[in-house]
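Summary of structural features
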Amino acid sequence: MSLRHAGIFNFKATVSESQKHEFFVALKALEEINGVEKMEVSRQTSPKNKFKYGFSMEFASPEMYQAYSIHPQHDAFVQEFFIPLVEDFMEIDTEQLM
């Protein structure tokens, strides 16, 4: 059973365009981790919610997602980029029903 890990977020007001670029490069590099499939990084275009950016990635199984979530590259991204730069975030992990 596949799993999709997705999130939407906003940067802190003090984050520069250069820092955003570095963040997105590091985020996209997470697709190098074994098990990450079909990764997308996006900008919100709808005015229906407050978040400006998003990402999603798919995994073949919940076990592959768990391996990703404890991978050192993922941990480094969270500590070096996500925590210092992101102000608000919503995460959703879903399994396909049909």
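The name given to the protein chain in an unreviewed UniProt entry is Dabb family protein, with the source organism recorded as Aquirufa originis. Looking at the Subunit (unreviewed entry) heading of the UniProt record, one finds this comment for the protein chain: "Homodimer."

This brings us to the pattern of salt bridges. Under the counting rule described, the total for this entry stands at 4 salt bridges. For the salt bridge of K28 with E31, the shortest nitrogen-to-oxygen distance reads 3.4 Å. For K28, a relative accessible area of 33% corresponds to the partly exposed category.

Now for the packing of helix α1 (residues 17–29) against helix α3 (residues 72–85). In contact at an axis separation of 10 Å, α1 and α3 are set at 155° when each is read in the N-to-C sense. Accordingly, the angle class assigned to the pair α1 and α3 is roughly antiparallel. The element α1 and its partner α3 pack so that their crossing is left-handed. Of the residues in α3, those touching α1 at Q19, E22, F23, A26, L27 and A29 are Q73, F77, F81, F82 and L85.

Here is what the cut-offs are and how they apply
- Residues numbered from 1 in each chain as written.
- Predicted model: local features only at pLDDT ≥ 70, side-chain atom pairs only at ≥ 80, totals over all residues.
- Heavy atoms only, no water.
- UniProt positions renumbered as here; feature names shortened; annotations may be inferred.
- Salt bridge = Lys/Arg side-chain N within 4 Å of Asp/Glu carboxyl O.
- Buried < 20%, exposed > 50% of the residue type's maximum accessible area, 1.4 Å probe, protein only.
- Axes fitted to C-alpha atoms, helices over the stretch in contact; angles between N-to-C directions.
- Helix = DSSP H or I, 4+ residues; strand = E, 2+ residues; numbered from the N terminus.
- Parallel < 35°, antiparallel > 145°, perpendicular 65-115°, else oblique.
- Left-handed = near helix turned anticlockwise from the far one by under 90°.
- Contact = heavy atoms within 4.5 Å.

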